[in-house]
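# Structural overview
Each chain, written out:
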Amino acid sequence: MKRERPKVEHAPCAFFVRPMTGADLEAVQVIESESPSPWTAAQLASELEREGGWQFVAEAAISGRVCGFVCGRSCAGEAELLKIAVVLAHRRQGIAGQLVAHTLRCLAEQGVDRCFLELRAGNHAALALYERFGFRRAGLRKAYYASPSEDAILMEKTVAAGDEQSLRGTAP
């Protein structure tokens, strides 16, 4: 007789977005380890020291636990979103969207004109998220990812301080 796994309900995660610190790295590494192409702890730590780098975490308001993160780099009026991840138990609750929105507001305040990113072609949820924020497809890199091999979709977005719709994720 096959035993069914009990269904576990997860309450929505009330959270706030703040800059990442070294104290967050252990939690960030755990979240990152759930990703298909995870960075090492050393790679994540080096991002905190990177000139032009920016990193934010979503912290659960009640527990204080980090439930998601985003990091990237800016240079010469352009930015690249390098990593975004949310702990498995809290996905599909708007955390990634809030991380993107916070990042885009910060980039607009810094005078960044364009933001770039790439994602796995099969990551339909991420593609829909980025399109909601006004990112547009800009290219394709064949067999870019390994483990498993997959194409990368390149996306870009014009970042404009007054464009509240796309900064909130409600772009047409």
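Residues numbered from 1 in each chain as written. Predicted model: local features only at pLDDT ≥ 70, side-chain atom pairs only at ≥ 80, totals over all residues. Heavy atoms only, no water.

### Focus on the overall build of the protein chain
For the protein chain, the helix and strand inventory stands at five helices and seven strands. Buried residues in the protein chain amount to 40% of all 172 residues. With an accessible surface of roughly 10,000 Å², the protein chain has 53% of that area assigned to carbon and sulfur atoms. (Helix = DSSP H or I, 4+ residues; strand = E, 2+ residues; numbered from the N terminus. Buried < 20%, exposed > 50% of the residue type's maximum accessible area, 1.4 Å probe, protein only. Areas by Shrake-Rupley, 256 points an atom, 1.4 Å probe, with all protein chains shown as cover.)

### Comments concerning the nonpolar core
Core analysis: the biggest nonpolar cluster contains 41 residues, and Phe69, Leu107, Leu119, Tyr130, Phe135 and Met155 have the highest contact counts within it. Taken together, the elements giving at least two residues each to this core come down to helix H1 (25-33), strand S2 (53-60), strand S3 (66-75), strand S4 (78-86), helix H3 (95-109), strand S5 (114-120), helix H4 (124-132) and strand S7 (150-158). By residue number, the principal contributor to this core is H3, which donates eight residues. Non-local contacts of phenylalanine 135, meaning those with residues more than four positions away in its chain, are made with Leu104, Cys115, Leu117, Tyr130, Met155, Glu156 and Lys157. (Core = buried A, V, L, I, M, F, W, Y, C linked by side-chain atoms within 4.5 Å. Contact = heavy atoms within 4.5 Å.)

### A short note on the pairing of S4
With eight bridges connecting them, S3 and S4 associate as antiparallel partners. If you follow valine 70 over to S4, its bridge partner there is isoleucine 84. The antiparallel pairing of S3 with S4 creates a hairpin that spans two residues between the two strands, and alanine 76 there sits at a positive phi of about 50°. For S4 and S5, the ladder comprises three bridges, and the chain directions are parallel. Within the sheet, the bridge partner assigned to glutamate 80 lies in S5 and is phenylalanine 116. Regarding topology, H3 serves as the crossover connection from S4 to the parallel S5, and that connection is right-handed. (Pairing = 2+ DSSP bridges. Right-handed = clockwise from strand over helix to strand, strands pointing away.)

### Comments concerning H4
Burial in H4 covers these residues: Ala126, Leu127, Leu129 and Tyr130. Buried residues in H4, looked at end-on, bunch into an arc of 160°, giving them a common side. Packed against the buried residues of H4 are S4, H3, S5, strand S6 (136-145) and S7. Remark: glycine 134 follows H4 within two positions and exhibits a positive phi of approximately 90°. (Arc of directions from axis to C-beta.)

### Here we look at the environment of glutamine 110
Mapped onto the fold, glutamine 110 is located in the loop between H3 and S5. Classification of glutamine 110 as exposed rests on a relative accessible area of 52%. Sequence separation of glutamine 110 and serine 74 is 36 residues, and the distance between their C-alpha atoms is 9.4 Å.

### A short note on the pairing of S3
Where burial is concerned, most of S3 is hidden: eight out of the ten residues are buried. Pairing between S2 and S3: seven bridges, direction antiparallel. What sits directly across from alanine 58, in S3, is glycine 68. Taking the residues between adjacent antiparallel strands as the criterion, S2 and S3 are bridged by five residues, where glycine 64 takes a positive phi near 80°.

### Some thoughts on the confidence of the model for the protein chain
On average, residues of the protein chain carry a pLDDT of 86, and 85% of them reach 70 or more. Low pLDDT (under 50) marks residues 1-11, which in the prediction has four contacts with non-local residues, meaning those over four places away or in another chain. (pLDDT = per-residue confidence, 0-100.)

### Things to note about the side chain of glutamate 59
Secondary-structure assignment places glutamate 59 in strand S2. Overall, glutamate 59 belongs to the buried group, its relative accessible area being 15%. For glutamate 59, the side chain forms a polar contact with the side chain of arginine 18, separated by 2.5 Å. (Polar contact = N/O pair within 3.5 Å; in protein donor to acceptor, adjacent residues only side chain to side chain.)

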